[in-house]
Amino acid sequence: MSVLVIGADEITPIKAVLHDLGAEKIEHWDARNENRVNRKPIPQDTECVVMLTSFLNHNTMKTIKTQAKKRNIPIVCAKRSVSCVFCEYCKVFGLDKEFGCKAE
């Protein structure tokens, strides 16, 4: 699976978790320059978008969500913590019972 992670500067621990969950290719956009991110299309081979909401403004999130929904790409919205990303990813892909994440 190819995953696009948007937000934050350093995502090494998050990459490790995504690899463990089956992501082979992980692309990261730090979103420091919101205009650059808002104008970029989601790469064609992307199968999931992870948005680290603590580091994104509303316009960027809305733009990415719109693009993803048009292409039926699952969206995972989480804070930057590894555990939050893990649980939200599991919920989106129906793995929460398998890995013991609680649905909220």
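Residues numbered from 1 in each chain as written. Predicted model: local features only at pLDDT ≥ 70, side-chain atom pairs only at ≥ 80, totals over all residues. Heavy atoms only, no water.

A. Quick peek at the overall build of the protein. Each helix and strand in the protein was counted, giving five helices and four strands. For the protein, the succession of helices and strands along the chain, N to C, is β-α-β-α-β-α-β-α-α. Whereas a compact globule of 104 residues would reach a radius of gyration of roughly 13 Å, the protein reaches 13 Å, a difference of no more than 12%. In the protein, buried positions account for 39% of the 104 residues. The long-range fraction of contacts in the protein, counting pairs at least 24 apart against all pairs at least 6 apart in sequence, stands at 57%. As displayed, the protein has an accessible area near 6100 Å², and 49% of this comes from carbon and sulfur atoms. (Helix = DSSP H or I, 4+ residues; strand = E, 2+ residues; numbered from the N terminus. Rg over C-alpha atoms; globule rule 2.2 N^0.38 Å. Buried < 20%, exposed > 50% of the residue type's maximum accessible area, 1.4 Å probe, protein only. Contact = heavy atoms within 4.5 Å. Areas by Shrake-Rupley, 256 points an atom, 1.4 Å probe, with all protein chains shown as cover.)

B. Fine view of the pattern of salt bridges. Within this structure, the stated rule accounts for three salt bridges. The partner of K25 in a salt bridge is D45, with the nearest N and O atoms 2.8 Å apart. Of the two residues, K25 sits in strand β2 (residues 25-29) while D45 sits in the loop between α2 (34-39) and β3 (48-52), which places them 20 residues apart along the sequence. Relative accessible area serves as the criterion here: at 40%, K25 is assigned to the partly exposed category. Ionic pairing is found between D30 and R36, a salt bridge with its closest N-O pair at 3.7 Å. Residue classification places D30 among the partly exposed residues on the basis of a relative accessible area of 28%. (Salt bridge = Lys/Arg side-chain N within 4 Å of Asp/Glu carboxyl O.)

C. Layout of the packing of aromatic side chains. Counted under the stated rule, the structure contains one aromatic pair. A centroid spacing of 4.7 Å and a plane angle of 40° characterise the contact between Y89 and F93, whose relative ring orientation is tilted. (Phe/Tyr/Trp six-rings, centres within 6.5 Å; stacked < 30°, edge-to-face > 60°.)

D. Representation of the sheet that holds strand β1 (residues 2-6) in the model. Read across the sheet, four strands follow the order β2-β1-β3-β4 without closing on themselves; strand pairing throughout is parallel. If you trace the sheet from one side to the other, it starts and ends with β2 and β4 (75-78), each paired once. The sheet shows a mean angle of 20° between the axes of neighbouring strands, taken without regard to direction. In this sheet, β4 lies alongside β3 in parallel orientation, the contact comprising four bridges. In the strand pairing of β4, V49 is matched with I75. Along the sheet, helix α1 (residues 12-20) makes contact with β1, β2 and β3, crossing β2 at roughly 150°. (Pairing = 2+ DSSP bridges. Axes fitted to C-alpha atoms, helices over the stretch in contact; angles between N-to-C directions.)

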